[in-house]
Amino acid sequence: MLIHQIVRSKLVSPAPGSLDSWLATAYDRLFELPDFPMSRILVAVDGARTLGILGLELKWVADARLICATVRVLAVDPAHDGGGIGSRLIRFAEGIAHINGYGLLHGAPGLERWGSGRRQGSLGCIEPRIGCFRNITPRLQMSCP
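Below is a short write-up of the structure. (Residues numbered from 1 in each chain as written. Predicted model: local features only at pLDDT ≥ 70, side-chain atom pairs only at ≥ 80, totals over all residues. Heavy atoms only, no water.)

Pairing between side chains of opposite charge can happen when their charged atoms approach one another. For the coordinates displayed, the defined rule picks out four salt bridges. One salt bridge in this structure joins aspartate 77 and arginine 49, with 2.3 Å as the shortest N-O distance. Of this pair, aspartate 77 sits in the loop between strand S4 (66–76) and helix H2 (85–99) while arginine 49 sits in strand S3 (residues 49–60), and the two are 28 residues apart along the sequence. Of the charged contacts, one joins arginine 72 and glutamate 57 as a salt bridge, the two residues approaching to 2.7 Å between their closest N and O atoms. (Salt bridge = Lys/Arg side-chain N within 4 Å of Asp/Glu carboxyl O. Helix = DSSP H or I, 4+ residues; strand = E, 2+ residues; numbered from the N terminus.)

The strand order across the open sheet formed by five strands is S1-S2-S3-S4-S5, and the pairing between neighbours is mixed. Each of the sheet's edge strands pairs with one partner strand only, and the pair in question is strand S1 (2–6) and strand S5 (106–107). In this sheet, S3 lies alongside strand S2 (residues 39–46) in antiparallel orientation, the contact comprising eight bridges. Opposite leucine 42, over in S3, you have leucine 54 as the bridge partner. Packed on one face of the sheet, helix H1 (residues 21–30) meets S2, S3 and S4 and runs near 20° to S3. (Pairing = 2+ DSSP bridges. Contact = heavy atoms within 4.5 Å. Axes fitted to C-alpha atoms, helices over the stretch in contact; angles between N-to-C directions.)

Below is the structure:
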């Protein structure tokens, strides 16, 4: 499995009925994201098959400092659910936030129970000195300032 990044402006609208229903729903939400550098789209693929997709919205201030990183879209192929694909996408998104100097990865409302609520962890904060940990972000803190 490979994870690669695409920008929203390069995302092509699929032909109706050409995508699995889980991916078609995710695509609709991805087109709502702003374009680069205000967002990133991460795609987990195995050969030509898309296994998972994550839409990350980034908020920057004028001095090119990242002030917020929010996962807006997270979808995994139900046939591969439970295989760690969503977790890998989250870790990749955490890395983008961390590289840009921001230590939290926020989840948009509704993503706190992604994967039908079966996940033990959730979107949380990272601390590179002690490793990555995932605490459930309180509802009041799920949106960026």
